[in-house]
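Below, each chain spelled out in residue letters.
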Amino acid sequence: MSLAIDRAGLPVGYDLFSGNTHDSTMLIPALKNMKNRYALERVILTADKALNSGKNLAFLVENNDGYIVSQKVRGASKTFIKEILKDEGYVYNSTKTFKIKSFFRERKTNNENGEEITLKEKVVSFWVTIMMLEKNTKEKN
């Protein structure tokens, strides 16, 4: 299922797809359909890593759309992992149970036609200390 919401987070439309089709292959048709149906000029996709394929992100960029997607650190490029693990740039909360930083990166991918494009992305990385969260939760209960 794909769901379109407005700026206030209210649902405005949806599409249903066959359950035996991989999510990443349905993004482009769903976006084209919703943009046409609702005369949308620009969309911002928020999605998990299942839709985070290079082809899908290239499609969004080439159509002047935007995206906010998740990415696992495990299996990422060595350069990306090195930047995430580098402590420089992180801002901590007062109890050191949370830290966050952002940085920009460029990476190459291919679009629907197999042409190489460069994605210019802002990455936001954060860490939460789970043990402290569990401890704080137990203390409150």
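Residues numbered from 1 in each chain as written. Predicted model: local features only at pLDDT ≥ 70, side-chain atom pairs only at ≥ 80, totals over all residues. Heavy atoms only, no water.

Asks: Run through the layout of surface pockets, naming residues and quoting values.
Replies: Empty space within the largest pocket amounts to approximately 1,000 Å³. Surrounding the largest pocket, 30 residues form its lining, Leu3, Ala4, Leu31, Ile44 and Leu45 being those nearest its centre. At the level of secondary structure, the elements contributing two or more residues to the lining of the largest pocket comprise strand E1 (2-5), helix H1 (27-38) and strand E3 (44-47). Top contributing element to the lining of the largest pocket by residue count: H1, with 6 residues. Its residues assigned to classes, the lining of the largest pocket shows 18 nonpolar, 6 polar and 6 charged. Taken together, 25 residues make up the lining of the second largest pocket; nearest its centre are Val69, Ser70, Lys122, Val123 and Val124. Taken together, the elements giving at least two residues each to the lining of the second largest pocket come down to strand E4 (66-69), helix H3 (78-85), strand E6 (98-110) and strand E7 (116-128). Here the lining of the second largest pocket gets 10 residues from one element, more than from any other, and that element is E7. (1 Å grid on protein atoms, 1.4 Å probe; cavity = no way out; pocket = protein on both sides within 12 Å on 5 of 7 lines; lining within 4 Å. Points joined across faces, edges and corners; volume = space filled by probe spheres on them. Helix = DSSP H or I, 4+ residues; strand = E, 2+ residues; numbered from the N terminus. Nonpolar A, V, L, I, M, F, W, Y, C, P; charged D, E, K, R; others polar.)

Asks: Please provide a residue-by-residue account of the packing of aromatic side chains, values included.
Replies: By the definition in use, this model includes 2 aromatic pairs. Here Phe80 and Phe103 contribute two aromatic rings whose centre-to-centre distance is 6.3 Å and whose plane-to-plane angle is 50 degrees, an arrangement assigned as tilted. You can see Phe80 sitting in helix H3 and its partner Phe103 sitting in strand E6, a full 23 residues away along the chain. Phe80 sits in the buried class, given a relative accessible area of 7%. Stacked on the ring of Tyr92, the Lys or Arg Lys96 has its end atom at 4.3 Å from the ring centre. A cation sits over an aromatic face here: Lys99 above Tyr90, 4.5 Å from the ring centre. (Phe/Tyr/Trp six-rings, centres within 6.5 Å; stacked < 30°, edge-to-face > 60°. Buried < 20%, exposed > 50% of the residue type's maximum accessible area, 1.4 Å probe, protein only. Lys NZ or Arg CZ within 6 Å of the ring centre and 35° of its normal.)

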